[in-house]
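# A look at the structure
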Amino acid sequence: MLHNLHPQPADKILMLMAEYRADPRSDKIDLGVGVYKDATGNTPVMRAVKEAERRILADQTTKAYTGLAGDPAFGTAIRDLVLGDSVAADRVACVATPGGTGAIRQALELIRMATPEATIWLSNPTWPNHPSIIKYLGMKMAEYRYFDNATRGVDFDGLMADLDALKAGDVVLLHGCCHNPTGANLTSDQMAQVIALMQDRGAVPFVDIAYQGFGDGLEADAQITRQIAAAFDNCLIAASCSKNFGIYRERTGALMAIAKDADQQALAQQNLAFLNRQNYSFPPDHGARVVTTILTDPALRAEWEAELEETRLSMLGLRQQLADELKRLTNSDRFDFLAHHRGMFSRLGATPEQVAAMRADNGIYMVGDSRFNVAGLNAQSVPVLAQAIVTAGI
Ligand code: LMR
């Protein structure tokens, strides 16, 4: 049987992780996979997470199954965190999933069950796992222009022109904040225009929000998602807790399906639970329990928010330092976009050859499309990167 298998395409982000590990140079710089690192290069367990885990260890009396949707308290906590009061609670179906990827996979399967002919529209570029899963599921996809390589901002005219071809029932995948891989984001006014176009065509929004708290702050980063959620009868939202709680390996996320009314919510909830059962039965609980413990305890929540804010500000500081350094080296403001981008990533707009040269000559690892992880930098490596960018002729 197994001889019938064919090698599968490697994920370029994960491949880069392996190449970085294999590089013997001691001064190499990892700007690849999206994992937060502090100034010493460590990915810390957040203080509130440690405390929540201590409490869970002390107080937990059973490891019996939760429910197919996960612990309902997690569903409520994550719904409030992401959606606030933008949508009536009885319209939101929600299940815990193994990370944000699990939520994306379940959302796509739900779309396939409900509207198998729908085309899923993806920004060009987007997180590579989006098209990979869609292709694997045999669903239709199309791209809308997103990044303007000249300005390193959003190509809004291109985006609107491409989405003009939307058909009723098509699904548009939008990044809730901190666009991955570019770091360039739509303004609220631009999103209002996208929403109007989608409403006109009868398209359905699917929001991937994986970096809430990494851009402009917890509430500000939820604003676009809430704006979208409030505007449609139906909307899917995949939320990840991997980054903002720093619990990557615990695989903690949620899929929310916003329904037209409470009856439709019950139907969606039942279908989501069914999908969980088919794919992995009960979703992982530990990370979800940590998140619930933090979000429902005011003191712990304040501790978490403070540390998340430190994380966010440190990334903003690195962005500014890099933009300033490049301004000094090039005597121009053409790298100011780095300070305007938000989230963990920026796309430099370099060619694959320039990216390869920085890797070969300086041991700087970024994804081939010139996405780099800002959090992989520190005060010492920023000038090294800036010089490498200039030397590579970017
Ligand atoms: C990334 O984009 O680097 C992260 O979301 C990690 C991943 O799984 O690709």
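Residues numbered from 1 in each chain as written. Predicted model: local features only at pLDDT ≥ 70, side-chain atom pairs only at ≥ 80, totals over all residues.

For the chain, the name recorded in an unreviewed UniProt entry is Aromatic-amino-acid aminotransferase, with Yoonia vestfoldensis as its organism. According to UniProt, the comment filed for the chain under the heading Sequence similarities (unreviewed entry) is "Belongs to the class-I pyridoxal-phosphate-dependent aminotransferase family." Under the heading Cofactor (unreviewed entry), UniProt records this for the chain: "pyridoxal 5'-phosphate". (UniProt positions renumbered as here; feature names shortened; annotations may be inferred.)

Attention now goes to the nonpolar core. In this structure, Ala 107, Val 171, Ile 237, Leu 255, Met 256, Ala 257 and Val 291 are the most contacted members of the largest nonpolar core, which totals 113 residues. Counting the residues that make up this core, at least three belong to each of domain 1 (11-44 + 309-391) and domain 2 (65-296). (Core = buried A, V, L, I, M, F, W, Y, C linked by C-beta atoms within 7 Å. Buried ≥ 20, exposed ≤ 12 C-beta atoms within 10 Å, placed from the backbone. Domains from an automatic or database assignment.)

This next bit is on the site of the ligand. Around the ligand sit Ile 13, Val 33, Gly 34, Trp 127 and Asn 180, and that is every residue in its neighbourhood. A per-class count over the shell around the ligand returns three nonpolar, two polar and no charged. (Near = placed C-beta within 6 Å. Nonpolar A, V, L, I, M, F, W, Y, C, P; charged D, E, K, R; others polar.)

Once that is clear, we can look at the sheet that holds strand 2 (residues 92-97). Note on sheets: strands pair through backbone hydrogen bonds, and any given pair is parallel or antiparallel. Across the sheet, which stays open at both edges, the seven strands sit in the order 2-10-9-8-7-3-4 with mixed pairing between neighbours. The sheet is open, and its two borders are formed by strand 2 and strand 4 (140-145), each paired with just one other strand. Sheet twist, expressed as the average angle between the axes of neighbouring strands with direction ignored, equals 20°. Relative to strand 10 (residues 253-258), strand 9 (residues 235-240) runs antiparallel, the two sharing six bridges. Considered in strand 10, the bridge of Ile 237 is made with Met 256. Across the face of the sheet, helix 6 (residues 156-163) comes into contact with strand 3 (119-124), strand 4 and strand 7 (171-175) while running at roughly 145° to strand 4. (Pairing = 2+ DSSP bridges. Helix = DSSP H or I, 4+ residues; strand = E, 2+ residues; numbered from the N terminus. Axes fitted to C-alpha atoms, helices over the stretch in contact; angles between N-to-C directions. Contact = placed C-beta atoms within 7 Å.)

Let us now look at the UniProt feature "domain: Aminotransferase class I/classII large" (unreviewed entry) in the chain. In the UniProt entry, the feature "domain: Aminotransferase class I/classII large" (unreviewed entry) is given for residues 27-389. What you have in residues 27-389 is 47% helix and 15% strand, and the ends, taken at the C-alpha atoms, are 17 Å apart.

To continue, consider helix 2 (residues 47-59). Across its 13 residues, helix 2 extends 18 Å between first and last C-alpha, which sits within 8% of the 18 Å expected from 1.5 Å per residue. Of all the positions in helix 2, only Ala 48, Val 49 and Ala 52 are classed as buried. Along the long axis of helix 2, the arc covered by the buried residues comes to 100°, so they all point the same way. Away from its buried face, by an angle of more than 90 degrees, helix 2 presents the exposed residues Lys 50, Arg 54, Leu 57 and Ala 58. (Expected span 1.5 Å × (residues − 1). Arc of directions from axis to C-beta.)

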